[in-house]
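Chain by chain, the residues run as shown.
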Amino acid sequence: MSAVSASARSVPFLVAFILIVGGVVLAVVPPTGLPPADARAIGLAVGTVGLWATGLIAESLTALLFFTLAMLAKVAPPEIVFAGFVSSAFWLILSGLIIGAAIRHSGLGDRIAGLLARPLGRTYRGALTGVTLFGLAMAFVMPSAMGRIALMLPILAALAERLGHPDGSRGHHGLVLGGIFGTYLPSSAILPANVPNNVMAGMVETLFGDPLAFGSYLLDHFPVLGLVKTAMLIAVLLALYGRETATTGKRQSPPIQPMSPVEKRLSVVLATALAFWSTDSLHHLSPAWVGMAAAVLCLFPPLALLPRKALQSINLEPVFYVGAIISLGALVAHVDPGHRLVASILDVLNLAPGRSIANFVQLCGLSTVVGLFVTLPGVPAVLTPFADLFAKAGDLSPAAVLVTQVVGFSTVILPYQAPPLVMAMQVADLPRRAMSRLCLMTAATTIVILWPLDVLWLSLLGVI
């Protein structure tokens, strides 16, 4: 057993070594026709992905190393290298951390967990199913996956504790992962509920002048990538954690007490934020700045929603990590291989007229692979400008090519690809192995089961 475990531990080191060496070679010896600056950028991206994917060193240290090497090697202007810090996702994470701290400090999270525990607490399998569906329902209420997860984490942690699964136990991990993945994975099928969706929608409107419609997007994607994917996720979670039992006796649910003044004030702040989040299509305020307004109110001393100097006690490592991930995507998108790279991709894919379904599946695979290198929000940023070229080569409509991107960025292979999952892993202190295993299992079942179902559904709709 020790030899097997040692071999298993050596795999991440080997993968990281190969990617890092490959990145260095690419940066030092650029391929013919590739500008040296672009080669250095791609080499840095490959090495960084290797470290993040394998967890060889701490994620935050990899993030700082990325920023440092990017500036020392002059791979791009500072506004590109540090793009993650001016993105709305960065500020949404920061606001989510502050709001989450207020939910815990005020006791509101424990109150909501107590209300959820009453209908969900009879069996662990029922609770696991319930938190997953709760996450899916939240995706329709709040447009930002990052914000949803930040709000849900303290509630999920308190719920697990109430059901007899203390922090660090497998039962605790299962319930938290159920809520997180339940609100993230199906959200790719709900237009305003995920950053990659919104990036693609913005680029489509900018490039083609035809905005995506919520209803048609939902019809195309939600039946398979939303509902069926949620059912698949529940099945995977039950297979992994369904046999868990409480490691301690369940806490007795005390009678519901009247809300404290602090809870009432925080409830008003959260209700107002949720109202603005759910109506963003009317007022067009970014969810990030709505979140920051709520976070500032949480920190405002007269409201007493958090102790003074609360920022000193909040772990800000996830902010740097996610900022670096977004910056990595911006850096790769900044590299300008132009139509030369697209031509190379088309040669490899060998798209041909008369094979629309095979071409569709190949483009889904391309989007999935691209997501490994530029992270999921970077998929539409990199591929959408070439939708017309892929459509002509693959005998598909541009709309069908855009659909392949949705299939691609809804297939999460490893956590680092999705900033909300990274933030959840950091804030909730979830084991990398547990989250990576769930990502790999859901990705495998998505490719094997959901991709064919999606092709069938889209064929019935006439998209393919």
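Along each chain, numbering runs from 1 in the same order as the chain's sequence is written. Side-chain atom pairs in this predicted model are given and counted only at pLDDT of 80 or more, local residue features only at pLDDT of at least 70, and totals for whole chains, interfaces and linings cover all residues. Heavy atoms from the whole structure form the basis of all side-chain values; hydrogens and water molecules are not counted.

### Remarks on the overall build of the chain
For clarity, the cut-off: Working definition: helices are DSSP H or I runs of at least four residues, strands are E runs of at least two. Numbering for both runs from the N terminus. The size measure is the radius of gyration over C-alpha atoms, and the globule rule it meets is 2.2 Å times the number of residues to the 0.38 power. Burial classes follow relative accessibility: with a 1.4 Å probe on protein chains only, a residue under 20% of its type's maximum area counts as buried, one over 50% as exposed, and anything between as partly exposed. Contact between two residues is taken to exist if any of their heavy atoms lie within 4.5 Å; hydrogens are not considered. Each accessible area value is a Shrake-Rupley result obtained with a 1.4 Å probe; residue values ignore everything except the protein chains displayed when judging cover. Charge assignment: positive for Lys and Arg, negative for Asp and Glu; neither His nor the chain ends contribute. Where a charge lies is defined by one atom per residue type: Lys uses NZ, Arg uses CZ, Asp uses CG and Glu uses CD.
Regarding its fold elements, the chain presents 22 helices and 0 strands. Over its C-alpha atoms the chain spans a radius of gyration of 22 Å, differing by no more than 12% from the 23 Å that the globule rule assigns to 464 residues. With the C-alpha coordinates of the chain rotated into their principal frame, the extents come out at 70 × 55 × 50 Å. When burial is assessed residue by residue, the chain has 52% of its 464 residues classed as buried. Within the chain, contacts between residues at least 6 apart in sequence are counted, and of these 79% link residues at least 24 apart. For the chain, the accessible area works out to roughly 19,900 Å², and carbon and sulfur atoms hold 69% of it. Treating the 25 positive side-chain charges of the chain as one cloud and the 19 negative ones as another, the clouds have centres 13 Å apart.

### Structural notes on the packing of helix 2 (residues 36–54) against helix 3 (residues 59–72)
Under the convention used in this document: Every angle, taken between N-to-C directions, lies between 0 and 180 degrees, and every axis is a line fitted to C-alpha atoms, over only the stretch in contact when it is a helix. For classification, angles of less than 35 degrees are called roughly parallel, those exceeding 145 degrees roughly antiparallel, those between 65 and 115 degrees roughly perpendicular, and all remaining angles oblique. The classification used treats Ala, Val, Leu, Ile, Met, Phe, Trp, Tyr, Cys and Pro as nonpolar, Asp, Glu, Lys and Arg as charged, and all other residues, Gly among them, as polar.
The contact between helix 2 and helix 3 brings their axes to 10 Å, and the two run at 170°. The angle between helix 2 and helix 3 falls in the class roughly antiparallel. Residue-level contacts link L44, T48, L51 and W52 of helix 2 to E59, T62, A63, L65, F66, L69 and A70 of helix 3. Here the residues of the contact of helix 2 with helix 3 are counted per class, giving 8 nonpolar, 2 polar and 1 charged.

### A closer look at helix 11 (residues 214–241)
Heads up, the rule is: Multiplying 1.5 Å by the residue count of a helix minus one yields the expected span of that helix. Throughout, bend refers to the angle between the axes fitted to the seven residues that end at a position and the seven residues that start at it.
In this model, helix 11 (28 residues) spans only 35 Å end to end at C-alpha, well below the 40 Å of a helix rising 1.5 Å per residue. Where helix 11 bends most, the angle comes to about 65°, and this point is F222, followed within four residues by the proline P223.

### Thoughts on the nonpolar core
Rules: Only buried Ala, Val, Leu, Ile, Met, Phe, Trp, Tyr and Cys residues count toward a nonpolar core, and they belong to the same one when joined by side-chain atoms within 4.5 Å.
Counting residues in each nonpolar core, the largest one holds 143 residues, and the members touching the most others are I180, F181 and L421. With 12 residues, the top contributor of residues to this core is helix 8 (residues 145–162). Look past the residues within four positions of F181 in its chain and what remains in contact with it is P186, L233, L421, M435, L438 and C439.

### A short note on helix 22 (residues 432–461)
Remark: the principal bend of helix 22, roughly 40°, maps to T446. Positioned one or two residues after helix 22, G462 has a phi angle of 85°, which is positive.

### As for a nonpolar patch on the surface
The cut-off we apply is this: Only residues whose relative accessible area exceeds 30% and that form no salt bridge are eligible for patches; like-charged ones are grouped when within 9 Å, while nonpolar side chains (Val, Leu, Ile, Met, Phe, Trp, Tyr) are grouped when within 5 Å. Whenever Lys or Arg places a side-chain nitrogen within 4 Å of a carboxyl oxygen from Asp or Glu, that contact is recorded as a salt bridge.
A cluster of nonpolar side chains, L14, F17, I18, I20, V21, V24, V25, V28, V29 and L56, forms an exposed patch at the surface whose accessible area comes to about 890 Å². Examined against the element boundaries, V29 turns out to sit in the loop between helix 1 (2–28) and helix 2.

### Considering the packing of helix 9 (residues 170–184) against helix 11
Closest axis-to-axis distance for the helix 9/helix 11 pair is 11 Å, and the angle between their directions is 170°. Comparing their axes, helix 11 and helix 9 come out roughly antiparallel. On helix 11, the residues touching R170, G174, L177, G178, F181 and G182 of helix 9 are L233, L237, L240 and Y241. A breakdown of the residues in the contact of helix 9 with helix 11 according to their chemical character gives 6 nonpolar, 3 polar and 1 charged.

### With respect to the pattern of salt bridges
Applying the stated criterion across every chain, the model contains 1 salt bridge. Its salt-bridge partner being E263, residue R111 comes within 2.8 Å of it at the nearest N-O pair. With R111 in helix 6 (residues 108–120) and E263 in helix 12 (residues 261–278), this pair connects stretches of sequence that are 152 residues apart. For R111, a relative accessible area of 19% gives the class buried.

### Considering the packing of aromatic side chains
Note the threshold: For Phe, Tyr and Trp, where Trp contributes only its six-membered ring, two rings pair if their centres lie within 6.5 Å, and the inter-plane angle classes them as stacked under 30 degrees, edge-to-face over 60, or tilted in between.
A complete count under the given rule lists 7 aromatic pairs for this structure. Ring centres 6.0 Å apart and planes at 40° place the aromatic pair W91 and W289 in the tilted group. With W91 in helix 5 (residues 88–106) and W289 in helix 14 (residues 287–299), this pair connects stretches of sequence that are 198 residues apart. W91 sits in the partly exposed class, given a relative accessible area of 26%.

### A look at the environment of W457
Here W457 lies in helix 22. W457 sits 236 residues away from H221 along the chain, and the two C-alpha atoms are 8.9 Å apart. With residues up to four places along the chain from it excluded, the contact list for W457 reads L219, D220, P223 and V224.

### A look at the side chain of Q426
Its location among the elements puts Q426 in helix 21 (residues 419–427). Sequence-distant contacts of Q426, that is, excluding residues within four places in its chain, are made with E59, E317, P318 and Y321.

### Focus: unusual backbone geometry
Despite not being glycine, K74 has its phi angle at roughly 55°, a positive value. Its place among the elements puts K74 in the loop between helix 3 and helix 4 (78–81). Overall, K74 belongs to the exposed group, its relative accessible area being 67%. Here the phi dihedral of A304 falls at roughly 55°; this positive angle occurs in a residue that is not glycine. Look at A304 and you get partly exposed, because its relative accessible area is 36%.

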